[in-house]
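Structural overview
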Amino acid sequence: MEKFRIKVQRRFHSCVVFALLSMALFIGLMLFTKGIENDYFSGLLLGFFSGLEIWNIIHLCSLLKILSDEKLLKELYIKETDERNRSIMCETSRTAIFVITVTCALAALISGFFSITVSITIAAVMLCGALIFAVIHKYYSKTM
Amino acid sequence: MKNKIQELRKARKVTQQELADALSVTRQTIISLENGKYNASLTLAHKAAQFFGLTIEELFIFEDEENL
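Below is a short write-up of the structure. Computed from a predicted structure; not experimentally measured.

Below, the discussion takes up helix 4 (residues 42-52) of chain B. Taken together, the buried positions of helix 4 of chain B are occupied by Leu-44, Ala-45, Ala-48, Ala-49 and Phe-52 of chain B. Seen from one end, helix 4 of chain B has its buried residues packed into an arc of 135°, which puts them on one side. Facing away from the buried side of helix 4 of chain B, by more than 90 degrees, are the exposed residues Leu-42, Thr-43 and Gln-50 of chain B. On the buried face of helix 4 of chain B, the contacting elements are helix 4 (83-111) of chain A together with helix 1 (5-11), helix 2 (16-23), helix 3 (27-34), helix 5 (56-59) and strand 2 (60-61) of chain B. Looking at the residues trailing helix 4 of chain B, positive phi occurs at Gly-53 of chain B, about 70°.

Spelled out as structure tokens, the structure:
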């Protein structure tokens, strides 16, 4: 349980760093795009980073609450290490990857009729996903 | 895989939540185990057998798929 407490503490510190970095990135992007007149892009930036920071704050508060309560820490430990939950997550991920890949492929095909840029972007995302999958698969094949 | 978890648990007057806490799993896992919907890993099977003071073979009824 002590090891798990340390793991949660590390998660808390990582969240703090992530919150600060995303705030810095947001400010940097806003300054960098100051001269650009694009309402959509400004709105997208503001919305995305606002949502991200709000999520960060909520997550940090919940982690603090968990670290101060032994019962909540034990509940989280059981929830995260429960083997049935892990199996469910594994099967869900497997099915979801397949469905997402097929959906992206169809989207790339159909969007090709309307916009080549969108079609190539979706294809590039799929290629990146395939490369990441291959690298992570190789890693786990070696370590497990 | 069939098992005797439910009957042993009731005989010892242990609730599903108490058993879940003892085995460090969720109550949903205990429910799935008792219904035979979920097959426990070796570690969980060992913990459950230790809890009831039995061997894994006494607690879980393994049916060879070829003989089914």
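What follows concerns helix 3 (residues 70-81) of chain A. With 12 residues, helix 3 of chain A should reach 16 Å at 1.5 Å per residue; the first-to-last C-alpha distance of 16 Å fits that figure. Within helix 3 of chain A, the full set of buried residues consists of Leu-73, Leu-76 and Ile-78 of chain A. Elements that come into contact with the buried residues of helix 3 of chain A comprise helix 1 (2-32) and helix 2 (39-68) of chain A together with helix 2 of chain B. Where helix 3 of chain A begins, the side chain of Asp-69 of chain A points an oxygen toward the backbone nitrogen of Lys-71 of chain A, at a separation of 3.0 Å.

What follows deals with the packing of aromatic side chains. All names here are of chain A. Going through the model one piece at a time under the given rule, you end up with five aromatic pairs over all chains. Their ring planes at 40° and their centres at 5.4 Å tell us that Phe-26 and Phe-49 sit as a pair that is tilted. Of the two residues, Phe-26 sits in helix 1 while Phe-49 sits in helix 2, which places them 23 residues apart along the sequence. For Phe-49, a relative accessible area of 6% corresponds to the buried category. Among the aromatic residues, ring-to-ring pairing joins Phe-26, Phe-48 and Phe-49 into one connected group.

The rules we used
- Position numbers for residues start from 1 in each chain and track the written sequence from start to end.
- As they are written, the chains are lettered A onward and the ligands numbered 1 onward, keeping that order.
- Local features in this predicted model are restricted to residues whose pLDDT is 70 or higher, and side-chain atom pairs enter the listing and the counts only when it is 80 or higher, whereas totals over whole chains, interfaces and linings include all residues.
- Here the side-chain values reflect all heavy atoms present in the structure, with hydrogen atoms and water set aside.
- Each residue is placed in one exposure class: buried if its accessible area under a 1.4 Å probe, protein chains only, is under 20% of its type's maximum, exposed if it is over 50%, and partly exposed if it falls in between.
- Elements are defined by DSSP. Helices are runs of H or I of four residues or more, strands are runs of E of two residues or more, and each kind is numbered from the N terminus.
- By arc we mean the arc of the directions from the helix axis to the C-beta atoms, nothing more.
- Whether two residues are in contact is decided by their heavy atoms: any pair within 4.5 Å suffices.
- To estimate the expected span of a helix, count its residues, drop one, and scale the result by 1.5 Å.
- Polar contacts, as used here, are pairs of N or O atoms within 3.5 Å; protein pairs need one atom able to donate a hydrogen and one able to accept it. Residues neighboring in sequence count only if both atoms are side-chain atoms.
- The pairing test for Phe, Tyr and Trp rings, Trp by its six-membered ring, is centres within 6.5 Å, and the orientation test on the planes gives stacked under 30 degrees, edge-to-face over 60, and tilted for anything in between.

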